[in-house]
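This is what each chain is made of:
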Amino acid sequence: MARTTRVLLSTLSLLLGTVTIVGMSPPPPAAALPDGLAPTPPMGFNNWNATGCAIDENLIKATADIFVTSGLKDAGYQYVNIDDCWAELDRDPQTGRLVPNHVKFPSGIKAIADHVHAKGLKLGIYTSAGTLTCARTMPGGLGHEDIDAQTFADWGVDYLKYDNCNNQGVPAIERYSRMRDALKKTGRPIVYSITEWGENRPWEWAAAVGHLWRTTGDINDSWASMVNLLKLNAPLAPAAGPGHWNDPDMLEVGNGGMTDREYRSHFSLWATMAAPLLIGTDLRTATPQTLDILRNREVIAIDQDPLGAQGRVLRNDNGQWVFTKPLAGGDVAVTLFNETESAATFGTTAAELGLSRQPSYVVRDLWEHSTVENAGTFVSTVPPHGTALLRVQRANRDWWRQPPAGDFGVRLPSVGTGVPGSIVPAGQPFTATVSVANQGRLPMLDARFEFSAPAGWNAQPLNPTGKLVLRPGEVLSTGYQVTPPAGTPPGDFHLGAGLTYRSIFRDEVSRTWSEDLVVPEPVPAGVSDLGDLHWATARNGFGPVERNMSNGGIKAGDGKPLTINGHVYAKGIGTHADAQVLFYLGKRCTSITVDVGIDDERDPRPDPTQSTAIFEIWADGVQVADSGLRTWRDDALTLTGNLTGASVLRIVTNGGPDGFRWDRGDWAGPVLTCDP
Ligand code: GLA
């Protein structure tokens, strides 16, 4: 295309203000309720993920106070929501009304609503579209819709979460519509959250019934759960829009089962999916890091964008996810989520986003809080389980005032195919590669790396660590040879790298990177019980992986003796799908033999349908044994895996086709054979 035509076209598109996003048709016309409530996804707090049934009025009042004092209110959080267990088991015999629990809410709900309203906030409450709520400690609303809705309205409630337990088989649309009508009759504006867990495809009908609908079962505070819900909710993007939102469940940020980096991913992904942002941690004990995540206004602005489009998956290459979310005014949010265990470099381009052609784009990094100019390749090196969230401006003629963008990151070599680079055996030197690529139109001046290894470790640069002028498109890459000293005790360590450079306007830009390392325990010679060894890394679907006991699913040490169909094992590893446990072998072992099966601590219902799992053994990147689908009915199955030459053993418990509820997978009596 001739240059003049190009300039004309881009001027034209500037004038018209059009931006087309490839593969992104706008959501279908909203069939939202006509009440104008929840024009953006509701933001607030709900106590369930933090406290379960242990709720009381002090918690709710304190949360409202903290909303104000900590800046959460200013950041947009509004609803303070009470979950299950707030009422007495019996209704008032005279009036038929719900009665607040005398011990937990001695002041009554109206007084709490007054407290919350006085802070400029709103109050939410909970019940179930059934005879009892899920915790069975209080009555549900089925058959009592009018009186319950009126009671809530009389108390000044602003939000209702209506759950699905004990529903007596009455069709969901009927149950949820009845409460919609009852709420409407009260005349009070009440945001209505449909919580039937995605069982009846609510994305197809619930826009006409409520303002948000759960699309999934319950979240729990694990990486596996968060990623599972992401995968269920992401494809439903076309159903969401102002006044009618997909709800992949409340936030777990701050509850301790994930790292802060993982919580930043959780928060970024929920914002990208225009999910309700309901804080699920106890704010009275939240760390500054947790508050910093929850208060990131630039990320919140993506969630709360008035266009109300749920971000869509542009691509997912083996866990390297690219999401795009069109924003009001023509900006685009680009979310780069790295689900994998190693740093990865990936992204998209202005052309792929369908942005009008510009010499350069102004890009805001919403976690780094930095603004740069980028020539049109929005690629980032993203750490394992990390997320880069970028806001790309549709056009900005002043792009040249910004410093150039740099793709900065650290790559670690792997001790074996498919093994995360974070595993670094003591005494073995490795080379960490720090690099930056100039993605702008302008030069980077005086680009310099800094590098910090754990105390006492030797780290030497193998080539120059800086460059006076890094031209557009040029890469500076420096290897650092790092040696964890022989005899380093097994454990977790951190490695840090930094980048500084200047733009032609002398603005100084600085970036940092931190990497978690694991020094693994050397494996003993001969035959050992795997249950007695220390793993290098472990992930689990519910609670932590257990050693020599089954997986209780909540906290460390809450399991029972490992038992598969009545057969008890003294040694082994208790997991809950989706789980993955890595042991460092250092190419010294030959085989593993283990009995696998679902623990007798399984789905307790009389006719369980859950409690299935698939057990896999991997030697580096090769699968050496696979149990096929095991159910709670099956006896243990013996698996044997050849580990010859492998650096790492990876045992994996996957959920069956029904997802991963109640999938307590036992690795019972595992025996590892290694050379001297
Ligand atoms: C269900 C809901 C949860 C929570 C509990 C309360 O499991 O999905 O979000 O409200 O009930 O018992």
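The coordinates are above.
Here the structure is a predicted model, which means the values were calculated and not measured.

Cut-off values and rules
- Residues numbered from 1 in each chain as written.
- Predicted model: local features only at pLDDT ≥ 70, side-chain atom pairs only at ≥ 80, totals over all residues.
- Heavy atoms only, no water.
- Helix = DSSP H or I, 4+ residues; strand = E, 2+ residues; numbered from the N terminus.
- Rg over C-alpha atoms; globule rule 2.2 N^0.38 Å.
- Contact = heavy atoms within 4.5 Å.
- Patch = residues over 30% accessible without salt bridge, like charges linked within 9 Å, V, L, I, M, F, W, Y side chains within 5 Å.
- Areas by Shrake-Rupley, 256 points an atom, 1.4 Å probe, with all protein chains shown as cover.
- Salt bridge = Lys/Arg side-chain N within 4 Å of Asp/Glu carboxyl O.
- Buried < 20%, exposed > 50% of the residue type's maximum accessible area, 1.4 Å probe, protein only.
- Near = heavy atom within 4 Å.
- Polar contact = N/O pair within 3.5 Å; in protein donor to acceptor, adjacent residues only side chain to side chain.
- Nonpolar A, V, L, I, M, F, W, Y, C, P; charged D, E, K, R; others polar.
- Expected span 1.5 Å × (residues − 1).

Q: I keep staring at the overall build of the protein chain and nothing clicks. Help me out?
A: The secondary structure content of the protein chain amounts to 12 helices and 37 strands. Its C-alpha atoms give the protein chain a radius of gyration of 27 Å, near enough to 26 Å, the size a compact globule of 676 residues would have. Put simply, of all contacts in the protein chain between residues at least 6 apart along the chain, 72% involve residues at least 24 apart.

Q: Explain a nonpolar patch on the surface here, please?
A: Together, Trp400, Ile504 and Phe505 make up a nonpolar patch on the protein surface, roughly 280 Å² of accessible area in all. Within the fold, Ile504 resides in the loop between β23 (491–502) and β24 (508–519). A residue is classified by how much of its surface remains accessible, and Ile504, at 45% relative accessible area, is partly exposed.

Q: Would you take a moment to explain the site of the ligand for this structure?
A: Surrounding the ligand, one finds Trp48, Asp83, Asp84, Tyr126, Cys134, Ala135, Lys161, Asp163, Trp197, Arg214 and Asp218. One of the side-chain N or O atoms of Asp84 is found 2.7 Å from an oxygen atom in the ligand. In this structure, an oxygen atom belonging to the ligand sits 3.3 Å away from a side-chain N or O atom of Arg214. Notes on the ligand: free accessible area 310 Å², of which the protein chains cover 93%. Residue composition of the shell around the ligand, by class: five nonpolar, no polar and six charged.

Q: Can you help me understand the pattern of salt bridges in this one?
A: A side chain with one charge may pair with a side chain of the opposite charge, provided their charged atoms come close. In this structure the tally under the stated criterion is 29 salt bridges. The residue Glu174 makes a salt bridge to Arg178 at a minimum N-O spacing of 3.2 Å. Taken together, the positions of Glu174 and Arg178, both in helix α7 (residues 172–186) and four residues apart, correspond to about one turn of that helix. Look at Glu174 and you get partly exposed, because its relative accessible area is 39%.

Q: What's the story with the environment of Leu269 in this structure? I'm lost.
A: With respect to the helices and strands, Leu269 occurs in helix α9 (residues 260–272). With relative accessibility at 0%, the residue Leu269 sits in the buried group. In the structure, Leu269 is positioned 42 residues away from Val227 in sequence and 9.6 Å away in space, judged by C-alpha atoms.

Q: Can you help me understand helix α3 (residues 57–69) in this one?
A: Across its 13 residues, α3 extends 18 Å between first and last C-alpha, which sits within 8% of the 18 Å expected from 1.5 Å per residue. Among the residues of α3, those classed as buried are Glu57, Leu59, Ile60, Ala62, Thr63, Ala64, Ile66 and Phe67. Phi turns positive, to about 85°, at Gly71, one or two residues after α3.

Q: Which parts of the structure should I look at to understand the environment of Pro489?
A: For Pro489, the position within the fold is in the loop between β22 (475–483) and β23. In this structure the C-alpha to C-alpha distance between Pro489 and Pro522, which are 33 residues apart in sequence, comes to 9.9 Å.

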